[in-house]
Amino acid sequence: MPDPVVAIIGAGQAGFQAAASLRDTGYAGRVVLIGDEPVLPYQRPPLSKSYLAGRSGVDDLWLRPTEFYAKQQIDLVYGDPVTAIDRRQRRLHLASGIEFSWDHLVLATGAACRPLAVPGAELDGVLTLRTLADADGLRQRLNETSEVVVVGAGFIGLEFAAVALARGSAVHIVEVTRRPMGRVVSEAVSRFFTEAHIGWGAEVALGTGVTRILGAGGRVTGVETADGRHIPADLVLICIGVIPNARLASDAGLAVDDGVVVDEYLVTSDPAISAIGDCANFPTPFAPGRVRLESVQNAIDQGRCVADRLAGRPVPYQKVPWFWSDQGDLKLQIAGITIGHDTSVLRGDPADRNFSVFCFRGGRLIGVESVNRTADHVIARRLLAGDPALSPEQAADESYDLRAHARRLPGR
Amino acid sequence: MPKVTYVHPNGAREVLDVPLGTSVMRAAIVNGVDGIVAECGGEMMCATCHVYVEPDQLDRTPPQSDDEKAMLEFTASERKPNSRLSCQLVATPELDGLVVYLPETQV
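How each quantity is defined
Residues numbered from 1 in each chain as written. Chains lettered and ligands numbered in written order. Predicted model: local features only at pLDDT ≥ 70, side-chain atom pairs only at ≥ 80, totals over all residues. Buried ≥ 20, exposed ≤ 12 C-beta atoms within 10 Å, placed from the backbone. Helix = DSSP H or I, 4+ residues; strand = E, 2+ residues; numbered from the N terminus. Pairing = 2+ DSSP bridges. Axes fitted to C-alpha atoms, helices over the stretch in contact; angles between N-to-C directions. Contact = placed C-beta atoms within 7 Å. Core = buried A, V, L, I, M, F, W, Y, C linked by C-beta atoms within 7 Å. Left-handed = near helix turned anticlockwise from the far one by under 90°. Nonpolar A, V, L, I, M, F, W, Y, C, P; charged D, E, K, R; others polar.

## Thoughts on the pairing of strand 22 (residues 322–327) of chain A
Residue and element names in this part refer to chain A.
And step 1. Burial within strand 22 is extensive, with six of its six residues counted as buried.
And step 2. Alternating positions in strand 22 separate into two faces, Trp322, Trp324 and Asp326 on one and Phe323, Ser325 and Gln327 on the other, with burial throughout.
And step 3. Direction of pairing for strand 22 relative to strand 23 (residues 330–336): antiparallel, over a ladder of six bridges. Bridging across to strand 23, Trp324 finds its partner in Gln333.
And step 4. Remark: two residues form the turn of the hairpin made by strand 22 and strand 23, two consecutive strands paired antiparallel; Gly328 in that turn has positive phi of roughly 55°.

## A closer look at the sheet that holds strand 23 of chain A
Consider a sheet: its strands pair through backbone hydrogen bonds, and that pairing is either parallel or antiparallel.
Residues and elements named next belong to chain A.
And step 1. Taken in spatial order, the five strands line up as 22-23-26-25-24 in an open sheet, and their pairing is antiparallel. Edge positions in the open sheet fall to strand 22 and strand 24 (343–349), since each of these has one partner strand only. Averaged over all pairs of adjacent strands, the angle between strand axes in this sheet comes to 15°, irrespective of strand direction.
And step 2. Seen against the sheet, helix 6 (residues 187–199) touches strand 22, strand 23, strand 24, strand 25 (354–361) and strand 26 (364–371) and runs at an angle of roughly 10° to strand 26.

## Quick notes on the pairing of strand 5 (residues 91–94) of chain A
All names here are of chain A.
And step 1. Pairing analysis gives four bridges linking strand 4 (residues 82–86) to strand 5, with the strands arranged antiparallel. Bridge pairing in strand 5 places Val82 opposite Leu94.
And step 2. What sits between strand 4 and strand 5 in their antiparallel hairpin is a turn of four residues, with Arg90 showing a positive phi close to 50°.
And step 3. Between strand 5 and the antiparallel strand that follows it, strand 6 (residues 99–101), lie four residues; Gly97 among them carries a positive phi value of about 105°.

## Topic: the nonpolar core
All names here are of chain A.
And step 1. The biggest cluster of nonpolar side chains holds 155 residues, and the ones touching the most others in it are Ile8, Val151, Val236 and Val260.
And step 2. A total of nine residues in this core trace back to one element, the largest contributor, which is helix 5 (residues 155–166).
And step 3. In contact with Val236, other than residues within four places in its own chain, are Gly125, Val126, Val149, Val151, Ile213, Val220 and Val223.

## Section: the packing of helix 1 (residues 13–24) of chain A against helix 8 (residues 296–310) of chain A
All names here are of chain A.
And step 1. Running from N to C, helix 1 and helix 8 cross one another at 35°; their axes reach a closest spacing of 8 Å. Judged by the twist between their axes, the crossing of helix 1 over helix 8 is right-handed. Each of Gln13, Ala14, Gln17, Ala18, Ser21 and Leu22 in helix 1 lies in contact with helix 8, whose residues at this interface are Val296, Ala299, Ile300, Gln302, Gly303, Arg304, Val306, Ala307 and Leu310.
And step 2. Among the residues making up the contact of helix 1 with helix 8, the classes are represented as nine nonpolar, five polar and one charged.

## Some words on the sheet that holds strand 1 (residues 3–7) of chain B
Residue and element names in this part refer to chain B.
And step 1. The five strands lie next to each other as 2-1-5-3-4, forming an open sheet whose pairing is mixed. Among the strands making up the open sheet, the edge pair consists of strand 2 (13–17) and strand 4 (83–85). Direction aside, neighbouring strands of the sheet carry axes that sit 35° apart on average.
And step 2. With two bridges connecting them, strand 3 (residues 50–53) and strand 5 (residues 98–101) associate as antiparallel partners. Among the inter-strand pairings, Tyr52 is bridged to a residue of strand 5, identified as Tyr101.

Here it is, written out as structure tokens:
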């Protein structure tokens, strides 16, 4: 009998991790890792941070060197998108015409930037930031840019804005909601970062969208906002979130609903197919319903979870989510999922640029957002690994020893 | 170029030339030294590039930031007085000859 084959579609952080962890667990079958980008698997977070700012080079991005894949007997195929999944024959078809058979398939297809459907979106100088190629293009353009409009004030938009501001560009941030990063952070942290960007020199327009992108001779010259303003720009970054890459899954008849639907073991509606990372929509004890998370932590821990299951050690996926964002001299660290909190308390003072927001729902701690305050973040991850048993009063009291509190909890 | 010796838990040693400005973590990743995982890529969000520095060389290493001290609470192997995150050990001439011991596990 031929060796069993695990094929992994997507060679980003999650796909890479699944492949590497399969070998770590001693999995003896064949592992095929297929990426659509024409480069080795790499880290995405620096693309909007140190790499964009020119503080790190491309060699700092590779998750592992070329030799790693041969040494680990991981068949890495890159620059060759999968075009179809044949579930009946258990085969994959790639754009180049290559086919692979599989016994278990892992979807780690990631997500793509959500397009802004307005006139002018096709103009030269209207860009997105997701891939290494995107970041290289932006790095080049930033040298020739004096006026930047950032459409969408999420992590990527604000990280990009911070880099552009530090390079001396004029930056205008346009956000359709009233709350920058509102999908992921509390009002206090949102307000703090908005004010920080204004302090660094950004113009921030909230509660208004971009209705048209203006151009001349095929090049972008500015944007028009819903409230009638014209903002000049020679570079417009569209960063209004992502759409999970679930087309292959839906074409193959798998359940899809804001991503590929999986159970607590990260198995899709076909037991021979798993989904992990940005494309996976999964149930979690850290939120009332299902979630889809776009983070390094989630990609790594889900890659590992699937590898453990395929190696015969199934464990439900219940890792504490964590995230980070670097903007200027501010490091934001989030543990847990804070959206949907009904109470929040401050620990520390935002005026000191060193504080945390502890978020509660129904009296229970559900997440902590820390700014330049790693010690709180570390404790929060530990607290959230079980019942935190922490009251808002304790969280807000800086003389209350959180570390000692965490130590008293079972298993932490 | 500073030489750094990585000692595996079984005693096996690997010696790398680490370019100035490159971290002990990154050099291990680039050269395929097993035992350094570096999940977060050097952002000090994890503790999976944990090493033990040869105790009598500790005074040659750069001081620990508060962030590093905090993150060292997450090491999978025991934290000791000579525990460091290797992403924070950036090669300088003073680090030539550094010896770091890899822990049993990083995750």
